[in-house]
Amino acid sequence: MAAPKQSILIMLVDDDDGHRLLIRENLRAGGIVNDVIEMTDGQQALDYLQRRSKYQDPAQSPRPGLLLLDIKMPKVDGFTVLEKVKADPQLRMIPVLMLTSTDDQGEVNKCYALGANNYVVKPVRYEEFQDRLRAIGLFLDIVRFPD
Amino acid sequence: MKWSLKLKTLLLVTTLVVVVATILTVVNINRQRDLLFRNLERLTGVLAQNLAFNSEYGVLTGNREALQDLVDGVMRESTVACAAVMDRDHAILASAVRPGMEPFVQDALKLEMTAAQPLRRYLRHSGAAVYVVQHPVTLARRQRWSAEGALFSVPGNSSEETIGAAVVALSTTPLIASLEEVQQTTVTLTGLSVLIAWLLSIILVNLLTKPLQRLKAATHEVAAGNLEVRLEGGPHDEVGDLTRAFNQMVHEVRQARNRIEESNRQLEATAKELTSLNQEMEDLLRVASHDLRAPLINIQGFTKRLEPIMADTLRLLEQAAGSSADAGLRGGIEALRGQVQTRFAESIRFISKGVEKMDSLLTSLLAVSRVSRKADPVQPNDLNEVVEDVLAVFDHQLKDRSIEVIRHPLPSDVACRRNEINQVFSNLISNAINYMGPVDRRYIEIGSTERPDEVECYVRDTGIGIGDEDQDRIFNMFTRLQAVDVPGEGVGLAYVKKILRSHGGKLWVHSKQGQGSTFFFTLPRHRTFAMAGKG
């Protein structure tokens, strides 16, 4: 596959260390080899995206091309991050995938209302999750299978 | 007609006064009239008698001048219309007529001459009337008689001879005039007394009805909701008693209202508290089931992560055991490999199964907490369609287990949330299938009863039935019939019950161990139950 596609940076925002590890591994297992930058809460993610505090250097903090956003997080939750991203003219073009722990229709509707591009329910059965992430890869056309 | 008490009393009193006054007036006028006429008659009689006695000598002697003097003397009495003295042959010896009374004279003089008794008669002529007395002039054969003596003689002696007649007529006109005057006075007095009676009765009736009107006004105020009304005083009679009873009644109504308001306030507070507790419980349920899933994801994810490593370990251990020359070491490796293969794999399997079970429970919990929070609108639904959808899902299972479905027509316009009622039928039919009994003819019967205010539906089965001791428990959360190995979380009926409660309906069961069960539920008709879902 073409090199520029590889440069798309994926930002994963989730306060659960285990979830982050599992998601990253599943992305790899799903054939997504892009760089993944991890944030542990919404505030940190916003600081990075809006280049505040320690993330002021654009060279050190490149813009991600995809946001994987958990909803329930301390300090600033996923909804707020989504809202701020979609309100920022420089960030609004970044596709956002919400990671929810249930398929609560109210939550899903809220995600779409705030401008999320898609959502993924974190499943307990992992085969399912891998399928979903594979679909994301296809959706973004950022998959690169190992040579 | 609706007449006020005041008007009725007024009319009664006034009518009584008028009737009494009229009777009194009529009696009085009649008495007056009789008295006046009797006086007139007596006066005429006396005048005629006197004229007759005093004329005796004149008639006897034919002295017309003397007779004329007597007649003129009679005429001095102002009410005399005419007077005359006649001889035996109706020849007028002396006469006098007041102007205008001439017609009466003609009639009076034509009267038949009587022997001894005076003739008395009323003569009427064109509206006016006179009373005429014709007194015979008699020649008394007295023992001692003289012209002087005759003036003082008294009538009634025996053996008399009629020699003429004295006629005196008195006009009734002045009498009638005076009668009219009396009548006038009486009518005026009567009118005056009626007026006074009217005024008096107004005052009386006001005294009587004023407290009643105050009572009426106060009653209206009470009816309008003002319970602070209190009537002061009141007379010491029945109306006063009524006023006091009214005050007492208002006092008691006020106390009752205060008690009701107080208990309403308490009820409202309790309802509020319950609503908020319920809300809290639902929130807790939602948050808990939500948050409990996060660690489950980790447990499952990381357990799965171990699987390839376990496979690698097993392969390596096998290789190591095969390539080891040391029998003791080989034995140790083989033993370890066996342990990994059994214990490790078993542990992973149990962990996974446990996690999946927990996940399923949490999903059910979440579903219960979401009842009536969903955006499923309340609208008229055809229950036949709902049942059709549900049966389509279970079609395969029904055929597999040779269960017959008996369907009766259901109402086609029940206001409900379609998805939730679908869940109700789905759970009940699923239970009926899962708990189907070992009988020859297996069936599920679905039907309904229509009532004015609700629809009652039932799902009957030929299942294993529910013992008395379990019938209350089955509607509780996480309760399952122990004896049976059937998949499920034990949330189904609790969920169904919650859905029905949020619709304002009920759920209950009729069942006997080994004889099948019938689950009944109701859905209200023509009612908004948007509030019920929150309570």
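Residues numbered from 1 in each chain as written. Chains lettered and ligands numbered in written order. Predicted model: local features only at pLDDT ≥ 70, side-chain atom pairs only at ≥ 80, totals over all residues.

All names here are of chain B. Both strand β11 (residues 507-511) and strand β12 (residues 517-524) contribute to a ladder of 5 bridges, which runs antiparallel. Paired with S511 across the two strands is S517, which belongs to β12. Counting the residues in the hairpin turn of β11 and β12 gives 5 residues, including G514, whose phi is positive at 80°. (Pairing = 2+ DSSP bridges. Helix = DSSP H or I, 4+ residues; strand = E, 2+ residues; numbered from the N terminus.)

With that out of the way, let us pick up the confidence of the model for chain A. Detailed reading of the predicted coordinates is not advisable wherever pLDDT falls low. All names here are of chain A. The predicted model of chain A has a mean per-residue pLDDT of 80, with 80% of residues at 70 or higher. Confidence scores differ between elements of chain A, with helix α1 (residues 3-6) showing the lowest mean pLDDT of 43 and helix α4 (residues 78-87) the highest of 93. For residues 1-6, every residue scores under 50 in pLDDT, and the model assigns this stretch 5 contacts once sequence neighbours within four places are set aside. (pLDDT = per-residue confidence, 0-100. Contact = placed C-beta atoms within 7 Å.)

Here we come to the nonpolar core. Residues and elements named next belong to chain B. V424, F425, L428, I429, V459 and V496 are the most contacted members of the largest nonpolar core, which totals 36 residues. The two domains that each donate at least three residues to this core are domain 2 (291-370) and domain 3 (378-524). The residues touching V459, leaving out its near neighbours within four places in the chain, are L428, I429, A432, I444, I446 and F519. (Core = buried A, V, L, I, M, F, W, Y, C linked by C-beta atoms within 7 Å. Buried ≥ 20, exposed ≤ 12 C-beta atoms within 10 Å, placed from the backbone. Domains from an automatic or database assignment.)

Okay, the sheet that holds strand β9 (residues 443-450) of chain B next. Residue and element names in this part refer to chain B. With mixed pairing, the 5 strands of this open sheet are ordered in space as β7-β9-β10-β12-β11. Across the chains shown, the open sheet's two edge strands, defined by having one partner strand only, are β7 (404-407) and β11. The average angle at which neighbouring strand axes cross in this sheet is 15°, direction not considered. Relative to strand β10 (residues 454-461), β9 runs antiparallel, the two being bridged by 7 bridges. When the bridges of β10 are listed, G447 appears paired with Y458. (Axes fitted to C-alpha atoms, helices over the stretch in contact; angles between N-to-C directions.)

As a general point, the strands of a sheet are linked pairwise by backbone hydrogen bonds and lie either parallel or antiparallel. Residue and element names in this part refer to chain A. Strand order in this open sheet of 5 strands is β2-β1-β3-β4-β5, and the pairing throughout is parallel. Two strands bound the open sheet, and with one partner strand each, they are β2 (36-39) and β5 (118-121). Mean inter-strand twist for the sheet, computed between neighbouring axes without regard to direction, equals 20°. As defined by bridge partners, strand β1 (residues 10-13) adjoins strand β3 (residues 66-70) across 4 bridges and the pair is classed as parallel. Residue V13 lies in a different strand from β3, and its bridge partner there is L69. Contacts from α4 reach β1, β3 and β4 (96-100) within the one sheet, and its direction differs from that of β3 by about 150°.

This paragraph deals with the interface of chain A and chain B. Often the size quoted for an interface is simply the accessible area lost on bringing the parts together. Each partner contributes residues to the interface: chain A has 10 residues there, and chain B has 16 residues. Among the elements that take part in the side of chain A that touches chain B, helix α2 (residues 17-29) of chain A stands out by supplying 3 residues, more than any other. Considering only residue class, the side of chain A that touches chain B consists of 3 nonpolar, 5 polar and 2 charged. (Nonpolar A, V, L, I, M, F, W, Y, C, P; charged D, E, K, R; others polar.)

In this section: the packing of helix α9 (residues 418-434) of chain B against helix α10 (residues 492-502) of chain B. Residue and element names in this part refer to chain B. Interaxial distance between α9 and α10 falls to 9 Å at its minimum, and their mutual angle equals 150°. Judged by the twist between their axes, the crossing of α9 over α10 is left-handed. Where α9 approaches α10, its residues E420, Q423, V424, N427, L428 and N431 are matched on the opposing element by G492, L493, Y495, V496, I499 and L500. In terms of residue class, the contact of α9 with α10 is built from 7 nonpolar, 4 polar and 1 charged. (Left-handed = near helix turned anticlockwise from the far one by under 90°.)

Okay, the environment of B:R42 next. Along the polypeptide, B:R42 turns up in helix α1 (residues 5-61). Sequence separation of B:R42 and B:V133 is 91 residues, and the distance between their C-alpha atoms is 9.8 Å.

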